[in-house]
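These are the residues of each chain, in order.
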Amino acid sequence: MEIYNPTQLNAQAAKNQQPSAGAKDIPSNNDVSGSKASISEISRDLKNSSILAAQEQVSIQSGDKSMALLYRAAIDSINSELAPTLGENVIQKNAENEVDYSPEATAERIVSFATNFFSVHQQQNSGMAFNEQLDSFMDIISGAIDQGFSEATEILTGLNVFEGDIEAGVDKTYSLIQAGLETFKQETATQADVESEQLT
(Lines give C-alpha, C1' and ligand atoms only; values in the text may rest on other atoms or scores of the structure.)
Protein backbone atom coordinates (compact mmCIF):
# COMPACT_ATOMS: atom_id res chain seq x y z
CA MET A 1 0.00 0.00 0.00
CA GLU A 2 1.37 3.41 -0.92
CA ILE A 3 1.38 6.31 1.54
CA TYR A 4 0.75 9.82 0.24
CA ASN A 5 1.52 13.05 2.07
CA PRO A 6 -1.14 15.81 2.08
CA THR A 7 0.50 17.63 -0.84
CA GLN A 8 0.39 14.50 -2.99
CA LEU A 9 -3.25 13.89 -2.05
CA ASN A 10 -4.24 17.45 -2.95
CA ALA A 11 -2.38 17.23 -6.26
CA GLN A 12 -4.04 13.89 -7.03
CA ALA A 13 -7.48 15.27 -6.20
CA ALA A 14 -6.93 18.35 -8.34
CA LYS A 15 -5.76 16.18 -11.20
CA ASN A 16 -8.89 14.02 -11.00
CA GLN A 17 -11.19 17.04 -10.84
CA GLN A 18 -9.59 18.96 -13.71
CA PRO A 19 -8.72 16.63 -16.61
CA SER A 20 -6.31 18.15 -19.06
CA ALA A 21 -7.19 18.68 -22.73
CA GLY A 22 -3.96 17.05 -23.86
CA ALA A 23 -3.08 13.51 -24.77
CA LYS A 24 -4.50 10.47 -23.03
CA ASP A 25 -3.22 9.66 -19.57
CA ILE A 26 -1.09 6.56 -19.44
CA PRO A 27 -2.01 4.25 -16.57
CA SER A 28 0.63 4.38 -13.85
CA ASN A 29 2.55 1.36 -12.69
CA ASN A 30 1.69 2.52 -9.15
CA ASP A 31 -2.02 1.74 -9.69
CA VAL A 32 -2.65 -0.74 -6.86
CA SER A 33 -6.20 -1.54 -7.91
CA GLY A 34 -5.17 -3.00 -11.28
CA SER A 35 -8.79 -2.50 -12.41
CA LYS A 36 -9.97 -1.39 -15.82
CA ALA A 37 -10.50 2.30 -16.62
CA SER A 38 -13.50 3.81 -14.88
CA ILE A 39 -16.40 5.38 -16.77
CA SER A 40 -15.15 8.84 -15.86
CA GLU A 41 -11.68 8.01 -17.24
CA ILE A 42 -13.17 6.68 -20.46
CA SER A 43 -15.35 9.76 -20.74
CA ARG A 44 -12.32 12.00 -20.17
CA ASP A 45 -10.30 10.16 -22.84
CA LEU A 46 -13.13 10.48 -25.35
CA LYS A 47 -13.42 14.17 -24.58
CA ASN A 48 -9.66 14.62 -25.05
CA SER A 49 -9.83 12.79 -28.40
CA SER A 50 -12.66 15.07 -29.52
CA ILE A 51 -10.63 18.14 -28.58
CA LEU A 52 -7.60 16.88 -30.50
CA ALA A 53 -9.74 16.10 -33.55
CA ALA A 54 -11.28 19.56 -33.41
CA GLN A 55 -7.83 21.15 -33.14
CA GLU A 56 -6.66 19.16 -36.16
CA GLN A 57 -9.65 20.33 -38.17
CA VAL A 58 -9.04 23.95 -37.18
CA SER A 59 -5.42 23.58 -38.30
CA ILE A 60 -6.50 22.20 -41.67
CA GLN A 61 -8.99 25.05 -42.03
CA SER A 62 -6.24 27.61 -41.57
CA GLY A 63 -5.43 27.39 -45.28
CA ASP A 64 -1.66 27.05 -45.06
CA LYS A 65 -2.10 23.56 -43.60
CA SER A 66 -4.25 22.52 -46.53
CA MET A 67 -1.50 23.62 -48.91
CA ALA A 68 1.04 21.68 -46.84
CA LEU A 69 -1.16 18.60 -47.13
CA LEU A 70 -1.50 19.17 -50.87
CA TYR A 71 2.27 19.56 -51.25
CA ARG A 72 3.03 16.40 -49.27
CA ALA A 73 0.46 14.39 -51.24
CA ALA A 74 1.89 15.56 -54.56
CA ILE A 75 5.49 14.86 -53.52
CA ASP A 76 4.54 11.42 -52.17
CA SER A 77 2.85 10.56 -55.47
CA ILE A 78 5.81 11.79 -57.52
CA ASN A 79 8.16 9.76 -55.31
CA SER A 80 5.99 6.71 -55.82
CA GLU A 81 6.03 7.11 -59.61
CA LEU A 82 9.78 7.69 -59.80
CA ALA A 83 10.74 5.02 -57.24
CA PRO A 84 10.92 2.07 -59.71
CA THR A 85 13.60 3.79 -61.77
CA LEU A 86 15.19 6.41 -59.48
CA GLY A 87 14.95 4.74 -56.08
CA GLU A 88 12.95 5.45 -52.95
CA ASN A 89 12.25 9.03 -51.86
CA VAL A 90 14.15 10.76 -54.65
CA ILE A 91 12.33 13.94 -53.75
CA GLN A 92 12.66 14.77 -50.08
CA LYS A 93 9.68 16.29 -48.36
CA ASN A 94 10.34 19.69 -46.81
CA ALA A 95 9.38 19.45 -43.15
CA GLU A 96 10.33 22.98 -42.14
CA ASN A 97 7.72 24.91 -40.19
CA GLU A 98 8.34 28.26 -41.87
CA VAL A 99 7.79 27.15 -45.46
CA ASP A 100 5.71 29.37 -47.71
CA TYR A 101 2.65 27.32 -48.67
CA SER A 102 0.92 29.94 -50.78
CA PRO A 103 -0.47 28.56 -54.07
CA GLU A 104 2.33 30.28 -56.01
CA ALA A 105 5.15 28.96 -53.80
CA THR A 106 3.63 25.48 -53.53
CA ALA A 107 3.20 25.19 -57.30
CA GLU A 108 6.70 26.49 -57.99
CA ARG A 109 8.24 24.04 -55.51
CA ILE A 110 6.37 21.04 -56.93
CA VAL A 111 7.23 21.92 -60.54
CA SER A 112 10.87 22.57 -59.68
CA PHE A 113 11.32 19.33 -57.76
CA ALA A 114 9.48 17.23 -60.31
CA THR A 115 11.16 18.54 -63.44
CA ASN A 116 14.60 18.40 -61.85
CA PHE A 117 14.72 14.68 -62.64
CA PHE A 118 14.22 14.91 -66.40
CA SER A 119 17.93 14.44 -67.16
CA VAL A 120 17.96 11.22 -65.10
CA HIS A 121 14.87 10.04 -66.97
CA GLN A 122 16.68 10.73 -70.25
CA GLN A 123 19.71 8.70 -69.20
CA GLN A 124 17.54 5.76 -68.21
CA ASN A 125 15.61 5.93 -71.49
CA SER A 126 18.49 6.68 -73.84
CA GLY A 127 17.00 4.43 -76.52
CA MET A 128 14.07 6.81 -76.99
CA ALA A 129 14.04 9.83 -79.24
CA PHE A 130 14.16 13.14 -77.38
CA ASN A 131 10.48 13.93 -77.93
CA GLU A 132 9.52 10.50 -76.61
CA GLN A 133 11.68 11.03 -73.54
CA LEU A 134 10.08 14.38 -72.87
CA ASP A 135 6.52 13.17 -73.47
CA SER A 136 6.92 10.06 -71.31
CA PHE A 137 8.46 12.08 -68.48
CA MET A 138 5.67 14.66 -68.57
CA ASP A 139 3.09 11.87 -68.54
CA ILE A 140 4.66 10.33 -65.44
CA ILE A 141 4.91 13.63 -63.58
CA SER A 142 1.45 14.86 -64.61
CA GLY A 143 -0.15 11.58 -63.59
CA ALA A 144 1.60 11.62 -60.23
CA ILE A 145 0.55 15.21 -59.55
CA ASP A 146 -3.06 14.42 -60.48
CA GLN A 147 -2.99 11.45 -58.10
CA GLY A 148 -1.59 13.59 -55.29
CA PHE A 149 -4.20 16.29 -55.80
CA SER A 150 -6.95 13.67 -55.87
CA GLU A 151 -5.80 12.18 -52.56
CA ALA A 152 -5.44 15.57 -50.88
CA THR A 153 -8.84 16.68 -52.15
CA GLU A 154 -10.46 13.52 -50.77
CA ILE A 155 -8.94 14.18 -47.34
CA LEU A 156 -10.04 17.82 -47.30
CA THR A 157 -13.51 16.84 -48.52
CA GLY A 158 -13.74 14.20 -45.81
CA LEU A 159 -12.95 16.90 -43.22
CA ASN A 160 -15.72 19.07 -44.74
CA VAL A 161 -13.27 21.90 -45.37
CA PHE A 162 -12.88 21.68 -49.15
CA GLU A 163 -14.73 24.89 -49.89
CA GLY A 164 -14.20 28.64 -50.02
CA ASP A 165 -10.59 29.82 -49.79
CA ILE A 166 -9.20 26.30 -49.44
CA GLU A 167 -10.89 25.05 -52.60
CA ALA A 168 -9.85 28.20 -54.45
CA GLY A 169 -6.27 27.77 -53.23
CA VAL A 170 -6.14 24.14 -54.39
CA ASP A 171 -7.58 25.04 -57.79
CA LYS A 172 -5.14 27.93 -58.19
CA THR A 173 -2.19 25.74 -57.20
CA TYR A 174 -3.20 23.08 -59.72
CA SER A 175 -3.55 25.64 -62.52
CA LEU A 176 -0.15 27.15 -61.70
CA ILE A 177 1.46 23.69 -61.73
CA GLN A 178 -0.04 22.87 -65.12
CA ALA A 179 1.21 26.20 -66.48
CA GLY A 180 4.65 25.55 -64.99
CA LEU A 181 4.84 22.06 -66.51
CA GLU A 182 3.82 23.39 -69.91
CA THR A 183 6.47 26.12 -69.70
CA PHE A 184 9.10 23.54 -68.77
CA LYS A 185 8.08 21.32 -71.68
CA GLN A 186 8.19 24.14 -74.22
CA GLU A 187 11.49 25.56 -72.97
CA THR A 188 13.11 22.12 -72.86
CA ALA A 189 11.96 21.29 -76.39
CA THR A 190 13.14 24.69 -77.67
CA GLN A 191 16.53 24.28 -76.03
CA ALA A 192 16.91 20.81 -77.57
CA ASP A 193 16.07 22.24 -81.01
CA VAL A 194 18.68 24.99 -80.61
CA GLU A 195 21.34 22.50 -79.51
CA SER A 196 20.46 20.22 -82.43
CA GLU A 197 20.82 23.08 -84.92
CA GLN A 198 24.19 24.04 -83.46
CA LEU A 199 25.47 20.52 -84.03
CA THR A 200 24.50 20.53 -87.73
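In the block above lies the structure referred to throughout.
Residues numbered from 1 in each chain as written. Predicted model: local features only at pLDDT ≥ 70, side-chain atom pairs only at ≥ 80, totals over all residues. Heavy atoms only, no water.

## Details of the overall build of the protein
Applied cut-off: Numbering of helices and strands runs from the N terminus, with a helix taken as a DSSP run of H or I at least four residues long and a strand as a DSSP run of E at least two residues long. Here, two residues are considered to be in contact whenever any of their heavy atoms come within 4.5 Å of each other.
Within the protein, the regular secondary structure consists of 7 helices and 0 strands. Counting from the amino terminus, the protein carries its helices and strands in the arrangement α-α-α-α-α-α-α. For the protein, restricting intrachain contacts to residue pairs at least 6 apart in sequence, the fraction spanning at least 24 positions comes to 69%.

## Looking at the nonpolar core
What counts, and what does not: Only buried residues count toward a nonpolar core, which is a set of Ala, Val, Leu, Ile, Met, Phe, Trp, Tyr and Cys residues joined through side-chain atoms within 4.5 Å. The buried label applies to any residue whose accessible area, calculated with a 1.4 Å probe on protein chains only, is under 20% of its type's maximum; exposed applies above 50%, and partly exposed to all values in between.
By size, the foremost hydrophobic cluster in this structure holds 33 residues, and its most contacted members are Ile78, Ile110, Phe137, Ile141, Ile145, Ile177 and Leu181. Broken down by secondary-structure element, the contributors of at least two residues to this core are α3 (64-86), α4 (103-115), α6 (130-158) and α7 (164-199). If you tally residues by element for this core, the top one is α3, at 10 residues. Ile141 has contacts with Ile78, Leu82, Ala114 and Leu181, leaving out every residue within four places of it along the chain.

## Re the side chain of Ser136
In plain terms, the rule: Two N or O atoms form a polar contact when they lie within 3.5 Å of each other; inside protein one atom must be a possible hydrogen donor and the other a possible acceptor, and for residues adjacent in sequence the pair counts only when both atoms belong to side chains.
Summarising the element assignment, Ser136 is placed in helix α6. Of the polar contacts made by the side chain of Ser136, one reaches the backbone oxygen of Gln133; its length is 3.0 Å.

## A few points about the pattern of salt bridges
We count it as follows: Within this document, salt bridges are pairs made up of a side-chain nitrogen of Lys or Arg and a carboxyl oxygen of Asp or Glu, the two lying within 4 Å of each other.
Tallying each qualifying case throughout the model produces 2 salt bridges. As a salt-bridge pair, Lys172 and Glu104 come within 2.6 Å of each other at their nearest N and O atoms. Remark: Glu104 occurs in helix α4 and Lys172 occurs in helix α7; sequence separation between them is 68 residues. Lys172 sits in the partly exposed class, given a relative accessible area of 42%.

## Section: the side chain of His121
Take His121: it is sitting in helix α5 (residues 118-124). Among the residues examined, His121 registers a relative accessible area of 10% and is labelled buried. The residues touching His121, leaving out its near neighbours within four places in the chain, are Gln133, Ser136, Phe137 and Ile140.

## Observations concerning the environment of Phe118
Tracing the backbone shows Phe118 in helix α5. By relative accessible area, Phe118 is classed as buried at 6%. C-alpha separation for the pair Phe118 and Thr188, spaced 70 residues apart in sequence, amounts to 9.7 Å.

## Digging into the packing of α6 against α7
Which entries qualify depends on this criterion: For helices, the fitted axis covers only the stretch in contact; all axes are lines through C-alpha atoms, and the angles between them, taken along N-to-C directions, range from 0 to 180 degrees. For classification purposes, angles smaller than 35 degrees are called roughly parallel, those larger than 145 roughly antiparallel, those between 65 and 115 roughly perpendicular, and all remaining angles oblique. When residues are grouped by polarity, Ala, Val, Leu, Ile, Met, Phe, Trp, Tyr, Cys and Pro land in nonpolar, Asp, Glu, Lys and Arg in charged, and all others, Gly among them, in polar.
The interhelical angle for the contact between α6 and α7, taken along N-to-C directions, is 175°, at an axis separation of 11 Å. Put simply, α6 runs roughly antiparallel to α7. Where α6 abuts α7, its residues Phe130, Leu134, Asp135, Phe137, Met138, Ile141, Ser142, Ile145, Asp146, Phe149, Thr153 and Leu156 lie against Ile166, Val170, Thr173, Tyr174, Ile177, Gln178, Leu181, Phe184, Lys185, Thr188, Ala189 and Ala192. Here the residues of the contact of α6 with α7 are counted per class, giving 16 nonpolar, 5 polar and 3 charged.

## A closer look at α7
To keep things clear, this is the line we draw: Take the residue count of a helix, subtract one, and multiply by 1.5 Å to get its expected span.
Compared with the 52 Å implied by 1.5 Å per residue over 36 residues, the 53 Å span of α7 between its first and last C-alpha is a close match. Within α7, burial applies to Ile166, Gly169, Val170, Thr173, Ile177, Leu181, Phe184, Thr188 and Ala192.

## Remarks on α6
Counting along an α-helix, one turn takes 3.6 residues, and residues three or four places apart therefore face a common direction. Its 29 residues give α6 an end-to-end C-alpha distance of 42 Å, which sits within 8% of 42 Å, the value for a rise of 1.5 Å per residue. Turning to α6, its buried residues are Gln133, Leu134, Ser136, Phe137, Met138, Ile141, Ala144, Ile145, Gly148, Phe149, Ala152 and Leu156. Backbone geometry just downstream of α6 places Asn160 in the positive-phi region, at approximately 60°.

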